[in-house]
Amino acid sequence: MHCPFCRYSDSRVVDSRTSDDGLTIRRRRQCPQCGQRFSTLETSSLVVAKRSGVTEPFSRDKIVSGVRKACQGRPVSDDDLAVLAQRVEEALRASGSAELDSQEVGLAILGPLRELDEVAYLRFASVYQNFESLDDFEAAVNLLRADRERVAQQQQTATDD
Ligand SMILES: [Zn+2]
């Protein structure tokens, strides 16, 4: 952060305040060189780089609207979608990187969506992973079945004990 007055390449933070929406941090800074104070507005939100190279702030609303289409006609409520978007955001933040690409966001959606509704998951995955044929669907369905059987077996073993 360069000082806007003398272009000195360092500054000291004297105060930090997070905005009400939690998306930006306003910092008061002081230049150790000329002593001038200035404010910076920094975004604490995640940034998503789209395929076009354009970046935009991560938005839970975008996750919800992206997933909603896949959930049409499924027993998924707005609350379910809100929780899903929150889980996606938490997973992405936990990854520790401030800039993500849309692929990573799509990947982070798949897990929670699958737990929410398998049909919606298949629809979403078919678009996101570019399913091209019935074979792709079959492979995805087989994976779901295999996982389900594994879980069932684990539950079986648990009750055997
Ligand atoms: Zn300065």
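The coordinates are above.
Rules used throughout
- Residues numbered from 1 in each chain as written.
- Predicted model: local features only at pLDDT ≥ 70, side-chain atom pairs only at ≥ 80, totals over all residues.
- Heavy atoms only, no water.
- Core = buried A, V, L, I, M, F, W, Y, C linked by side-chain atoms within 4.5 Å.
- Buried < 20%, exposed > 50% of the residue type's maximum accessible area, 1.4 Å probe, protein only.
- Helix = DSSP H or I, 4+ residues; strand = E, 2+ residues; numbered from the N terminus.
- Contact = heavy atoms within 4.5 Å.
- Donors = N, O, S within 2.8 Å, 3.2 Å for Na, K, Ca; no water.
- Tetrahedral: all angles 85-135°; square planar, octahedral: opposite > 155°, others 65-115°.
- Phe/Tyr/Trp six-rings, centres within 6.5 Å; stacked < 30°, edge-to-face > 60°.
- Axes fitted to C-alpha atoms, helices over the stretch in contact; angles between N-to-C directions.
- Parallel < 35°, antiparallel > 145°, perpendicular 65-115°, else oblique.
- Left-handed = near helix turned anticlockwise from the far one by under 90°.
- Nonpolar A, V, L, I, M, F, W, Y, C, P; charged D, E, K, R; others polar.
- Salt bridge = Lys/Arg side-chain N within 4 Å of Asp/Glu carboxyl O.
- Patch = residues over 30% accessible without salt bridge, like charges linked within 9 Å, V, L, I, M, F, W, Y side chains within 5 Å.
- Areas by Shrake-Rupley, 256 points an atom, 1.4 Å probe, with all protein chains shown as cover.
- Lys, Arg positive; Asp, Glu negative; His and termini not counted.
- Charge placed at Lys NZ, Arg CZ, Asp CG, Glu CD.

Colleague: It is not clear to me how the nonpolar core should be interpreted in this structure. Could you clarify?
Modeller: Generally speaking, soluble globular proteins have nonpolar side chains that are buried together. Grouped together as the largest cluster of nonpolar side chains are 29 residues, with contacts concentrated most on Ile63, Val67, Val88, Leu92, Ile109, Leu113 and Phe124. Looking at this core, the elements that each hand over two or more residues are helix H1 (60-68), helix H2 (78-94), helix H3 (102-116), helix H4 (118-128) and helix H5 (134-160). In terms of residue count, H4 provides more of this core than any other element does, six residues in total. Other than its neighbours up to four places away in sequence, valine 67 contacts Leu81, Leu84, Ile109, Leu113 and Phe124.

Colleague: I tried to follow the coordination of the zinc ion on my own but got confused; where do I start?
Modeller: The protein atoms donating to the zinc ion are Cys3 (SG), Cys6 (SG), Cys31 (SG) and Cys34 (SG), with metal-donor distances spanning 2.3 Å. Every donor counted, the four donor atoms about the zinc ion form angles of 106 to 116° at the centre, which fits tetrahedral coordination. Binding-site remark: the zinc ion is held by donors from one chain whose sequence spacing is C-x2-C-x24-C-x2-C. In this pair, cysteine 3 sits in the segment before strand S1 (12-18) while cysteine 34 sits in the loop between strand S2 (24-30) and strand S3 (37-43), placing the two residues 31 residues apart along the sequence. Look at cysteine 3 and you get buried, because its relative accessible area is 0%.

Colleague: How do you make sense of the packing of aromatic side chains when you look at a structure like this?
Modeller: Each aromatic ring pair is characterised by the separation of its centres together with the angle its planes make. With the rule as written, the count across this model stands at two aromatic pairs. Ring centres of phenylalanine 131 and phenylalanine 137 lie 5.0 Å apart, and the angle between their planes is 90°; this geometry places the pair in the edge-to-face category. Under the relative-accessibility criterion, phenylalanine 137 is labelled partly exposed at 33%.

Colleague: Can you walk me through the packing of H3 against H4 in this structure?
Modeller: When two helices pack together, their arrangement is given by the angle between the helix axes and by the axis-to-axis distance. It is the contact of H3 with H4, at a shortest axis distance of 8 Å, that shows an interaxial angle of 160°. The angle between H3 and H4 places the two elements in the roughly antiparallel class. Of the two elements, H3 crosses H4, and the hand of that crossing is left-handed. Of the residues in H4, those touching H3 at Ser102, Gln103, Gly106, Leu107, Ile109, Leu110, Leu113, Arg114 and Leu116 are Glu118, Ala120, Tyr121, Phe124, Ala125 and Tyr128. Its residues placed into classes, the contact of H3 with H4 shows 10 nonpolar, three polar and two charged.

Colleague: Looking at this structure, how should I read the pattern of salt bridges?
Modeller: Close approach of charged atoms allows side chains with opposite charge to pair. Applying the stated criterion to the full structure yields 11 salt bridges. Here glutamate 89 and arginine 60 are joined by a salt bridge, their closest N and O atoms 2.4 Å apart. Here glutamate 89 is found in helix H2, whereas its partner arginine 60 is found in helix H1, with 29 residues between them in sequence. The class for glutamate 89 is buried, based on a relative accessible area of 11%. Overall, the relative accessible area of 37% leaves arginine 60 in the partly exposed class. The shortest N-O distance in the salt bridge between aspartate 147 and arginine 150 comes to 3.3 Å. Of this pair, aspartate 147 and arginine 150 both sit in helix H5, three residues apart, which is roughly one turn of the helix. Salt bridges here are not isolated pairs; linked through shared partners, they connect Lys50, Glu56 and Lys62.

Colleague: Looking at this structure, I do not really get a positive patch on the surface. What am I missing?
Modeller: Taken together, the side chains of Arg12, Arg26, Arg28 and Arg37 present a region of like positive charge at the surface. Positionally, arginine 37 belongs in strand S3.

Colleague: Just checking my understanding: could you explain the packing of H2 against H3 for this structure?
Modeller: Where H2 meets H3, the axes come as close as 9 Å, and the angle between the chain directions of the two elements is 135°. Accordingly, the angle class assigned to the pair H2 and H3 is oblique. Of the two possible hands of crossing, H2 and H3 adopt the one that is right-handed. Along its contact with H2, which presents Asp80, Leu84, Arg87, Val88 and Leu92, the element H3 presents Glu104, Val105, Ala108, Ile109, Pro112, Leu113, Glu115 and Leu116. Split by residue class, the contact of H2 with H3 holds nine nonpolar, no polar and four charged.

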